[in-house]
Amino acid sequence: MKDATLALHYGYDKDKQKTMQVPIYMTTAYEYEDTDHAARLFDLQEEGNIYTRIGNPTTRVFEKRISAIERGIDALATASGMAAIFYAISNLIKSGDNVIISDKLYGGSITLNTQTLKQFNIEAKYFNVHNPEELNELIDEKTKLILIESVANPALTVPEFDSIIEIAKRHNVIVICDNTIATPYGVKPIELGVDIVVHSASKYIVGNGSAIAGCIIEAPFAKEKLKTDRYPQFNEPDESYHGLVYNEKFENPFIARARLALLRDYGAVISPFNSWLLLQGLEHLHLRIKEHSNNALKIAKFLETHPKIKKVNYPFLETDVNYAYAKKYLKYAGGIVSFEVENYESAKNIVKNLKIFSLVTNIGDSKSLATHPASTTHQQLSHEELEAAGVPEGLIRLSIGLEDVDDLIDDLRNAIEKTN
Ligand SMILES: *Cc1c(COP(=O)(O)O)cnc(C)c1O
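Residues numbered from 1 in each chain as written. Predicted model: local features only at pLDDT ≥ 70, side-chain atom pairs only at ≥ 80, totals over all residues. Heavy atoms only, no water.

Geometry of a packed helix pair, given as the angle between the helix axes and the separation of the axes. Where helix H3 (residues 57-69) meets helix H13 (residues 272-305), the axes come as close as 8 Å, and the angle between the chain directions of the two elements is 35°. Pair H3 / H13 crosses with left-handed handedness. Contacts between H3 and H13 involve Thr58, Thr59, Val61, Phe62, Arg65, Ile66 and Ile69 from the former and Pro272, Ser275, Trp276, Leu278, Leu279 and Leu282 from the latter. Residue composition of the contact of H3 with H13, grouped by class: 9 nonpolar, 3 polar and 1 charged. (Axes fitted to C-alpha atoms, helices over the stretch in contact; angles between N-to-C directions. Helix = DSSP H or I, 4+ residues; strand = E, 2+ residues; numbered from the N terminus. Left-handed = near helix turned anticlockwise from the far one by under 90°. Contact = heavy atoms within 4.5 Å. Nonpolar A, V, L, I, M, F, W, Y, C, P; charged D, E, K, R; others polar.)

Rendered as structure tokens:
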């Protein structure tokens, strides 16, 4: 089946009530047939529902659907995008290991890797996704993963996937790709050779800014790397499951361990109600992402021609440093556009004068959003630090929504022309 059909039907077998909507199973626990049945479930001899912290039927439909659309073999939904990223990483590391991360990542992913995981004796090393040769120098026997974003938030960088994947394969290192902005309709990282895909489903997947959620998807070939000495936790007995060996028991060892060990013990489970919202979002994500991306490109082109605008960033602009990579790897680049005006004051005033765009720190909503990082999220940084972080004082970030694009262009034009 093709994606749009999968998005509407996959993973849901109608029950006796024949409900067209996937039912929301708001339940903590499930009754066993008898104690033998319970024992079989706990011993993983039989699949079934035990307790919603490790699985829920509504959530399971979402997991099957997103996995099919991303071309994975299985998925795990989590309470947030950050929980998905943390679980994907902590499934691979132990104290003393290191991770290699793109120097253009979502802020939360940077602090997780460079600050929070440091407390667990994990070292983070940066690399430039346009210069993957650096990986050859950085990878050592303690390296457990490479983390990239298919379209980075907020830098909009698109990686040179082929070389990153080729080098990672040579060293048997797992590649994790955050596909939040591009979505599986912009690019399917697994088809390019990425082992593990993660999402903040709070953005385009849910689509209307109504829920915080995340997910992890495992590629069918991730197991080949997990079988090597680099990842002993998948090849040695897990004492918490009577000596279970994940690679022997499962075709999907990464998701199995993330669910059975990490979700069991860390517990950032998604609410079944939020899983249902994600199913609503998936039904038309393929239509929305096309529209978000088309609107964003039109707006980027308008801004590029405006005399008061110094610079515009969007991967599908021919003048953008990411253009060649976007052409090679992406079908859509999503709805995030950033642009630079003369200084801090002008940027602040333009954002203030916008009428349709709301001043919000979020992306991927159906409504258009604008932020001025220098006066909000990056307020504590000095002028020099802002430049180094790729967030100049005059930078405005837009998340282009689904309003009529002519209205959005008028709103931007008025706000820019009203501002000196
Ligand atoms: C928002 C975001 C996250 C974090 O997701 P939450 O759902 O807010 O926890 C991670 N990665 C990217 C690229 C994001 O945009």
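That was the structure; now back to the text.
Turning our attention to the pairing of strand E9 (residues 336-340). Along a regular strand, successive side chains alternate from one face of the sheet to the other. Taken across its 5 residues, E9 has 5 buried, putting it largely inside the fold. By the alternation rule, side chains of E9 split into Ile336, Ser338 and Glu340 and Val337 and Phe339, which are all buried. Here strand E8 (residues 311-313) runs beside E9; their pairing, made up of 3 bridges, is antiparallel. From the neighbouring strand, lysine 311 faces E9, where its bridge partner is glutamate 340. Pairing of E9 with strand E12 (residues 395-399), which is carried by 5 bridges, proceeds in the antiparallel orientation. Looking at the pairing, isoleucine 336 lines up with serine 399 of E12. (Buried < 20%, exposed > 50% of the residue type's maximum accessible area, 1.4 Å probe, protein only. Pairing = 2+ DSSP bridges.)

Here we take up a negative patch on the surface. Where like charges cluster on the molecular surface, the negative patch consists of Glu291, Asp404, Asp406 and Asp407. If you trace the backbone, aspartate 406 turns up in helix H17 (residues 405-418). (Patch = residues over 30% accessible without salt bridge, like charges linked within 9 Å, V, L, I, M, F, W, Y side chains within 5 Å. Areas by Shrake-Rupley, 256 points an atom, 1.4 Å probe, with all protein chains shown as cover. Salt bridge = Lys/Arg side-chain N within 4 Å of Asp/Glu carboxyl O. Lys, Arg positive; Asp, Glu negative; His and termini not counted. Charge placed at Lys NZ, Arg CZ, Asp CG, Glu CD.)

It is worth spelling out the packing of aromatic side chains at this point. In the structure shown here, the tally under the stated rule is 9 aromatic pairs. Residues tyrosine 32 and phenylalanine 42 carry aromatic rings whose centres are separated by 6.2 Å and whose planes lie at 70° to one another, so their mutual orientation is edge-to-face. Taken together, the residues span a long stretch of sequence, with tyrosine 32 in the loop between helix H1 (3-9) and helix H2 (35-42) and phenylalanine 42 in helix H2 at a distance of 10 residues. Residue classification places tyrosine 32 among the partly exposed positions, given a relative accessible area of 27%. Ring geometry for phenylalanine 234 against tyrosine 246: centres 6.4 Å apart, planes inclined by 65°, an arrangement best described as edge-to-face. On the criterion of sequence distance, the pair formed by phenylalanine 234 in the loop between helix H10 (222-226) and helix H11 (246-249) and tyrosine 246 in helix H11 is long-range, its members being 12 residues apart. By the ring-pair criterion, three or more aromatic residues cluster together here, those being Phe234, Tyr246, Phe250 and Phe254. Note that lysine 203 overlies the ring of tyrosine 106, its terminal NZ or CZ placed 5.2 Å from the centroid. Over the face of the ring belonging to phenylalanine 234 we find arginine 257, whose NZ or CZ atom lies 5.6 Å from the ring centre. (Phe/Tyr/Trp six-rings, centres within 6.5 Å; stacked < 30°, edge-to-face > 60°. Lys NZ or Arg CZ within 6 Å of the ring centre and 35° of its normal.)

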